[in-house]
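Chain and residue survey
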Amino acid sequence: MSAEVLTPAIRDQEPLLSVQGLTKHFPARNGRIVHAVEDVSFDVRRGSTVGLVGESGSGKTTAGRSVLRLVEPTGGKAIFDGVDLFALSPREMRSYRQRLQIVFQDPFSSLNPRMRIAAILGEALDARGFPRGKARKDRIAELLTLVGLSPDHATRYPHEFSGGQRQRIGIARALAVEPEFVVADEPVSALDVSVQAQVLNLLGELQKKLGLTLLFIAHDLSVVEYLCDEVVVMYLGRVMERGPSKQVYAAPRHPYTKALLATAPVPDPTRRRTHVPLQGDIPSPINPPSGCVFRTRCPEAVAACAEIIPPVEHVGGGHHVACIRHNEPIA
Amino acid sequence: QSKGGVIDVATIGEPPTLDPMASTADLVGIVTQHIYETLYTFDKDWGVTPLLAAEMPQISADGMTYTIPLRTGIKFHDGSDMNSADVVASLQRWMKVATRGKQAAETITAVEATDDNTVKITLNKPFAPLLSLLSLNNAAAIIIPSENANEDPMTKFVGTGPYLLKERKPDQFIQLARFDGYKSRDGESNGYGGARKQYLDEIRFVPVPDPNTRVEGAVSGQFAYVDSLPVESFEKISGGKTAPVLLKPFGWPVFVLNTKEGLNSDIKIRKAIQAALAPNDMLLAAFGSEDFFAVDGAMYPEGYKWHTEAGTEPYKPDGDTEAAAALLKEAGYDGSKPLRILTSRQYEFHYKMAQVAAEYLKAAGFQVQMDVVEWATLTKNRTDAGLWDIYITHSPFLPEPSLTGIMSDTSPGWWVSDKKHEVLGAFNAESDPAKRVALWAAVQQAVYDEVPAFKVGNFNALAAQAPNLKGVTPAPWPYFWNAYIESN
Amino acid sequence: MTGEIAPDTILSVQDLKTWFVTKRVTAKAVDGVTFDLKRGQTLAVVGESGSGKSVTSLSIMGLLSKPGAIAGGKILFRDRKEQVHDLAAFAPKDFRKIRGREIAMIFQEPMTSLNPLYTVGDQIGEMIALHEPVNRQEARSRALAMLKHVEIPDAASRLDDYPHQMSGGMRQRVMIAMALACSPSLLIADEPTTALDVTIQAQILDLLRRLQAEFGMSILFITHNLGVVAEIAHDVVVMYGGRVVEQAPVNDIFAHQRHPYTRGLLACTPNAARDIDATGARHALYSIPGSVPPITALPPGCAFEPRCEFALEACRAAPPALVAAGRAGFSRCIRSAEL
Amino acid sequence: MAAISTPMQAEPGLLSRLVTRRTSLIGLVILAIVALAAILAPLIAPYSPTKLSIANRLHAPSMQFLFGTDDLGRDVFTRMLYAAQVSLSVGFAVVVLASIIGIVLGLTSGFFRKADAPVSRLIDAMMAFPDILLAIALVAALGASATNVVIALGIVYAPRLARVVRASTLVIRELPYVEAARALGVPTPVILVRHVLRNVTSPLLVQGTFIFANAILAEAGLSFLGVGISPDIPTWGTMISVGRQYMDQAPWIMMYPGGAIVITVLSLQLVGDGLRDLLDPRLAKDI
Amino acid sequence: MLRSIINRLFGMLVVMAIVVTIVFVIVRVTPGDPAAVMLGPEASAADIAALRTKLGLDGSILEQFGRYVFGVVQGDFGQSIFLNQPVTQALAQRAEPTFFLTIFSLLIATIIALPVGILSAYWRGSIFDQVATTVAMFAASVPSFWLGLLLMQFFAVKLGWFDTSGYGGPGASLGNRLNHLVLPALALGLVSSALITRFTRASMLDVLNDDYVRTARSKGMSEWRVVLKHAFKNALIPILTVLGLTAALLISGAVVTETVFGLPGVGNLVVSAVLRRDYPIIQGALLVIAGLYVLVNFGIDMLYLLVDPRVRY
Ligand SMILES: Nc1ncnc2c1ncn2[C@@H]1O[C@H](COP(=O)(O)OP(=O)(O)OP(=O)(O)O)[C@@H](O)[C@H]1O
Ligand SMILES: Nc1ncnc2c1ncn2[C@@H]1O[C@H](COP(=O)(O)OP(=O)(O)OP(=O)(O)O)[C@@H](O)[C@H]1O
Ligand SMILES: [Mg+2]
Ligand SMILES: [Mg+2]
Ligand code: NI
């Protein structure tokens, strides 16, 4: 087995996307509010991959969709290539759409079952005004080849493909408009383990080949560690910790990150975990805890945690933590 | 013949009102004639005979003053006595409210009480139909207490009749009970006139609007009397628990032509229609068997004193398509304008005649348009001359020919002509019954000459009667005083 | 009441075949599954989606829905009275004595596996009342005790909660409480943590381990996550295409795979320590080519053959037999010795 | 799997799967026969449907008049063939009209959140009227004619379809492929037609079949009450309504059209049921 | 929760307001003149015009609407033109047969439909299921008036067991009156049992596939208990909706059936009112029936609160 070495992302460039104070509230029953995303900030450098991890309901998807304005954000900014996407009129946003794309989690519902693959990709080409005719056919064939499918798959319907193949088509659709930035929302969680690797490899390859910038949303910590240059850890709509993957994984500063890493099962029976650091469930985003949202489950919480919302502090090397006790030495 | 018993009578529906002045509907007349009485009524030969009046009026020589003596000791259902004041108030209400009363009002200059038991009516010209108008049971000149006479619509249903209104549940029943204070005329019963016997304790009129349901009801013996059945169910009813009663002849279906506007304002077209129609097939389709109709052009059938064949030659039982076509051509009809037939299915036989008629009219070269609407719509639309060329209706043989619809200048059809006014005027002014019969022939002649309407023929009516219900005289407006339950 | 079954074995599935036969196709969802589960131990069944894990467990419980039916093989189960039954030959009503009392089951979807219309107390109490002569009061207090066993905080007040008032993790605890209410000797857990977050998953796994120590039941643990297997299992069965491809003690499986499929599974999960070198360069992941074939279109020979890098001509001919491999395991590969 | 030729059959070979179900097959065959009879009426009918022949009235079924004659001497068999034309066209037209209204209302309220509340209330209000009652009132208002019956029934059934469309739209609106289209900047009308409308066709087809059946029944009911299609146009309903008077003497006048209604409606329901089983994912999952 | 009940009540009012408007619009564009009908065939145009004024049929449509809404809000549905009585009174007098007819047919339908639906779902694909489904489908294909006619012909005319029509005379006992409802209720009940059967079957099928039913089985209880306690109670929730819907359908059916059997009910009243151009009656009846439907639905929503702990508005 010979592994291909992929060049890691180019570091230390101006961010392509800078999310600042992103907030998204959904209306809930009886006039209450779901605090899905609350004051989230992070940067994505051109050509890099940023991972967004967190438990279910922590607001990862909502953050990703807000950036593309697939849901209208409640507040904050998303500076993309120098322009605040949130300040654009819907009409202006239309012209930005093809620069930012998204790949979905569910390979089954993300393709219209009544459209042939050619039509699905064609729709994307239409969006950027690609001319009809032979050129388009060639382009579709090219796209299919790019994601590892055969050009004659173009005449088929989605149900004729396996989950992995569908995910490739979803990727091809996103790439059809030649975007600079792609949000990949758990693109492999619905796939069989044996196929996951194929899709991850494809993403890595494409990124290198096309110079893509990737926001990679995932549950699975090991996938993020493998794929991402930087990682953002979210909990209940807020960022707990972010920074270069290597640093975060090697030396997590936030109790939540530590707990996540500790509880992730590792395929190694000799390294069995002995104690469970996190008790209880994630609280409801309808009325999140005061102060630090994590304090209700935090093994290290103190009274002060209920008082103030911990600011996100830079602890060096691009590593940020939102915990008032991050400086204290903890056993 | 003993007192007692309750009968259910199935009627064709719910009467729109229990105020017989306010409506000309037959059903209203049938029900309310038990409750109210008029000054005069008809005997079995359709002659006028006194009811609340003590006797026939004294008519002045010039025919302009009618002096009417009243019976005494008549009580209203509310217990009060009837006197001339009540009669005057009632007649005045009648002239104001009832369509027939309004017609009469044109010739009436005064109604006054000369004493407690005498009333005098003064006219501005001789008017022979007056007594018939006073006798009819629809738009009827009923006598009610004077204190109720100002009401319109009527809310207190108080009359002098043999039965009084006990309870009314619209669409369920109208319950009449014997009026114990009733004072019958002496002597024998004679048609609507003469003595009225109150054998039955109660009479209930049950509306059964669906003809088939009435038939089922008749067959299963649910009612003592079922009115207005489709004649073709005769056999079915014969096999059931009530016996069929055929009223022969009952009335006449008629196609009324719009002489005011449209195609039929041209007399040639009307003549063409007269020639084209084939009563034989129309009646057969409508009534099924010759037992239930007669092909007859005369406006009154044999047996009526008004019967005459005068002028009926254009009436061709099987139609004359060629003659009709020729007439049409003469009239310059090019087939571009449709002949609009307005009809409804309230009475199935209207509709069937219309269907057959349409075929014959088409054969003669007409373009035909059928407007099948509900009866309600029909009664509205027929008043608008712009909407129709022919509409279909029917009528019983009225005791007074001049009361027939087409005789009025204003009734839909709007037949107005010098000839009509001449013959009808003479007929109405003449008070000698014998002379009037001769004058009627001229009226009928005019109808055939000018074709304001087409009489299709005579038809019979079917009712059903329980075997133990006796004493019911077949009549176009059946009545149940004199009727009794035979106990065995 | 027959069968060859080792004394320390509580469940022995022998060449089980469960097929879904319809007019159009025959889906051999389980086609020759063989494994043994030892008393007090946990046997993990791993395999990708559609490999027949659930069908195997439903076959054991007699809960197959039409048109599924056992077409062959034996399911030997040793009850508390040490009697051995062949569940594959059971009539539907025989199962009523076994279910709940001898074998209990928990399911993947905690959100939908509890009846939404009854309180959790009722549902646990019902389980007890079904199998033991208790009155309402006793059933209730037993239910409360079970809730405490599964570490539901403030159990007394949650007893009258409806399932929708609880989080996924809580509901799964309730399911476990219900399953263990009558102290069954075998617990079948069909992917009990798949729908849960990692933090909750860890709690549940931990709970199961402790309850096993306490109640001493055997667990048949179904999952597709090798990490979870490593956490909880004593023995591991790997399934592919309705067949067992490998069985071995947990340490052996992770140390040395005797089947190319198992090997591929382990290799393709990303592992930063292995896949990223010191310079930060990322190696492409190993990936098994192709995808899992539909159960109705399995190749005639070894089910894994089309995706296998070790495949030989012989693999194509007939399905290989399950042969002993390694220290205490079995493998369904003709080249298991070479691996 | 073989490539599929027409886009409408994205659910591969709907028809071919339908005919493998015995009950649906029976339904389809009956429907085909009825439809064929209706289409070929001018060719196979032995007599004229309108020409009266008073002499032949109320003939019992015989070799000469297969199903007998009616009160005006018209051949019942002939009229039934022509009635099939009208009844089927009325039913079909109702479905088409109701679908158009239903799709517009359903898509609007399902896709545009702002429009949802008012349109939903309107739909609720319309659903509050019992169907025949509303149809009677509408036909009475518009005047009794075939067109107006179609319009009335179309209005009556539209809210039901609107609900179906709305429900599906609400689901589809949230699906990732719609979101993908939005992410690509595809204009909303295009999304509505290409992604939403196309995918509501299945429930629409199922519901449409049942509404077809209901419309035939309702038309018969209206005609029976005398507030429907003019009785000189033969429909099964008008034939029954005329035949009712002769239920005893000439039962064939109402029996045969009644039977035709039962058979046609039944076959529509069989087909509808089959379609639902095939298209409704809730039930499809365990087949 | 109280707040959401109030919200629902408000929604109900909005729906009713739309209903009122629809009713008014439908009825007023109707051709045909009640005054002409009332006055009979020989009335003159002047008489008719006078009556129209008296009945309040003059003035602009908007004026009429204003007057109407004003009345409705005060619970005054106007005066029946034809019957010369308040609409509310006319409706009240006819409520009894319609009420009992609806209740009885609903009862008949439910008693047949629930067990059949449950069993045919449980034995899906069995002979029982096939027969039941086919019979149900047959029943749903028969026009109710036609079935009514056949029943009447056989039981009332041939066998004479029942009166063919009507609702008993004056002073008829309740028993006698209800006796008149047997056939119509049977006709309606049979036809509507089809819908409920099919729906029960479908929702049972749905529920029987649910995970908690499998859980129930895995607990080792009897099938009967699984089906009734665990599955049916869940299936009941959508069935409740359909029962509400069926009640509306039954009123529809009652219109035709009451006409066939000559029952003096609301349905019959409406049909004759249409023929009589009795605007206030048509308006009142449509309004009351639609209002009842909205109320029934509201009631069912409230029932959900009882049956389904998940529903907390
Ligand atoms: N359209 C919406 N309306 C209301 N609430 C929403 C909506 N979308 C998401 N939410 C809520 O917002 C919160 C965050 O959801 P989100 O989907 O972003 O989480 P996530 O981190 O992507 O979770 P998962 O890992 O399950 O995908 C959740 O509580 C969710 O219920
Ligand atoms: N009722 C059924 N009818 C037909 N085929 C079925 C039925 N139930 C399961 N199968 C088939 O049996 C095979 C095995 O299914 P099973 O549910 O056991 O898989 P699994 O290993 O549990 O997968 P997962 O990880 O997705 O739960 C699948 O291919 C499935 O399609
Ligand atoms: Mg998400
Ligand atoms: Mg499974
Ligand atoms: Ni390598």
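Residues numbered from 1 in each chain as written. Chains lettered and ligands numbered in written order. Predicted model: local features only at pLDDT ≥ 70, side-chain atom pairs only at ≥ 80, totals over all residues. Heavy atoms only, no water.

Section: the UniProt feature "domain: ABC transporter" (unreviewed entry) in chain C
Following the UniProt record, one finds the feature "domain: ABC transporter" (unreviewed entry) at residues 11-266 of chain C. The distance from the first to the last C-alpha atom of residues 11-266 of chain C is 27 Å, and the span holds 37% helix and 28% strand. (UniProt positions renumbered as here; feature names shortened; annotations may be inferred. Helix = DSSP H or I, 4+ residues; strand = E, 2+ residues; numbered from the N terminus.)

A closer look at the site of ligand 2
All names here are of chain C. Ligand 2 sits among Phe20, Ala29, Glu48, Ser49, Gly50, Ser51, Gly52, Lys53, Ser54, Val55, Glu191 and Ile295. Between Ser51 and ligand 2, the recorded distance is 3.2 Å, taken from a backbone N or O atom to an oxygen atom. Contacts to ligand 2 include Ser54, whose side-chain N or O atom sits 2.6 Å from an oxygen atom. Relative to its free-state accessible area of 640 Å², ligand 2 is covered by the protein chains to the extent of 67%. (Near = heavy atom within 4 Å. Polar contact = N/O pair within 3.5 Å; in protein donor to acceptor, adjacent residues only side chain to side chain. Areas by Shrake-Rupley, 256 points an atom, 1.4 Å probe, with all protein chains shown as cover.)

Here we look at the site of ligand 1
All names here are of chain A. Taken together, 14 residues sit near ligand 1, with Ser56, Gly57, Lys60, Thr61 and Thr62 positioned nearest. In the model, an oxygen atom of ligand 1 is placed 2.8 Å from a nitrogen or oxygen of the Gly57 main chain. Contact distances for ligand 1 include 2.4 Å between an oxygen atom and a side-chain N or O atom of Thr62. Computed on the free molecule, ligand 1 has an accessible area of 630 Å², of which 67% lies beneath the protein chains in the complex. Elements that contribute at least two residues to the shell around ligand 1 include exactly β3 (33-45) and α1 (60-67). Per-element tally for the shell around ligand 1: the top contributor is α1, with three residues. Here the residues of the shell around ligand 1 sort into four nonpolar, seven polar and three charged. (Nonpolar A, V, L, I, M, F, W, Y, C, P; charged D, E, K, R; others polar.)

What about the nonpolar core?
Within the largest apolar cluster, 239 residues are counted, with the highest numbers of intra-cluster contacts made by Ile171 and Phe216 of chain A, Ile136, Tyr157 and Trp236 of chain D together with Val19 of chain E. The contact partners of Phe216 of chain A, leaving out residues within four places of it in the chain, are Thr49, Val50, Gly51, Leu52, Ala184, Pro187, Leu200, Leu203, Val223, Val224, Leu227 and Cys228 of chain A. Counting residues in each nonpolar core, the second largest holds 98 residues, with Tyr163, Leu403, Val443 and Val472 of chain B among its members. (Core = buried A, V, L, I, M, F, W, Y, C linked by side-chain atoms within 4.5 Å. Buried < 20%, exposed > 50% of the residue type's maximum accessible area, 1.4 Å probe, protein only. Contact = heavy atoms within 4.5 Å.)

Things to note about the packing of helix α4 (residues 76-111) of chain D against helix α9 (residues 188-225) of chain D
Residues and elements named next belong to chain D. For the pair α4 and α9, interaxial distance at closest approach is 7 Å and the crossing angle is 140°. With respect to α9, the element α4 is oriented oblique. Crossing geometry of α4 relative to α9 is assigned as right-handed. Facing α4, whose interface residues are Ser87, Leu88, Val90, Gly91, Phe92, Val94, Val95, Ile103, Leu107 and Phe111, α9 presents Thr188, Ile191, Leu192, Val196, Leu197, Leu204, Gly208, Ile211, Phe212, Ala215, Ile216 and Glu219. In the contact of α4 with α9, the residues fall into 17 nonpolar, four polar and one charged. (Axes fitted to C-alpha atoms, helices over the stretch in contact; angles between N-to-C directions. Parallel < 35°, antiparallel > 145°, perpendicular 65-115°, else oblique. Left-handed = near helix turned anticlockwise from the far one by under 90°.)

Some details on the pattern of salt bridges
Overall, the coordinates contain 66 salt bridges over all chains when judged by the stated rule. One salt bridge connects Arg204 of chain B with Glu202 of chain B, and the closest N-O pair in it is separated by 3.2 Å. The burial state of Arg204 of chain B is the same as that of Glu202 of chain B; both residues are buried. With a shortest N-O distance of 3.4 Å, Asp131 of chain D and Arg160 of chain D are connected by a salt bridge. Of this pair, Asp131 of chain D sits in helix α6 (residues 131-142) while Arg160 of chain D is found in helix α7 (residues 146-173), placing the two residues 29 residues apart along the sequence. (Salt bridge = Lys/Arg side-chain N within 4 Å of Asp/Glu carboxyl O.)

Let's talk about a nonpolar patch on the surface
Residue and element names in this part refer to chain D. Side chains of Leu15, Val19, Leu25, Val29 and Ile33 sit close together on the surface and give an oily, nonpolar patch of about 420 Å² of accessible area. Listed by contribution, the elements that provide at least two residues to the nonpolar patch are α1 (14-19) and α2 (22-39). For the nonpolar patch, the leading source of residues is α2, giving three residues. Judged by its relative accessible area of 53%, Ile33 falls in the exposed class. (Patch = residues over 30% accessible without salt bridge, like charges linked within 9 Å, V, L, I, M, F, W, Y side chains within 5 Å.)

A short note on the domain arrangement of chain C
Residues and elements named next belong to chain C. Structurally, chain C comprises domain 1 (9-102 + 184-331) and domain 2 (113-183). Taking only C-alpha atoms, the centre of domain 1 and the centre of domain 2 are 29 Å apart. In this assembly, 20 residues from domain 1 lie in contact with 16 residues from domain 2. Both sides of the domain 1 and domain 2 interface together cover about 1500 Å² of buried area, and 65% of this is carbon and sulfur. Counting the surface domain 1 buries against domain 2, the share from its top three residues, Pro184, Leu207 and Phe215, is 30%. Across the domain 1-domain 2 interface, the total number found is one salt bridge. For Glu151, the salt bridge is made with Arg210, and the minimal N-O distance between the two is 2.6 Å. The interface formed by domain 1 and domain 2 contains seven residue pairs in polar contact (both at pLDDT 80 or more). Tallying contributions element by element places helix α7 (residues 198-215) first for the side of domain 1 that touches domain 2, with nine residues. Residue composition of the side of domain 1 that touches domain 2, grouped by class: 11 nonpolar, three polar and six charged. (Domains from an automatic or database assignment. Buried area = accessible area lost by both parts, 1.4 Å probe.)

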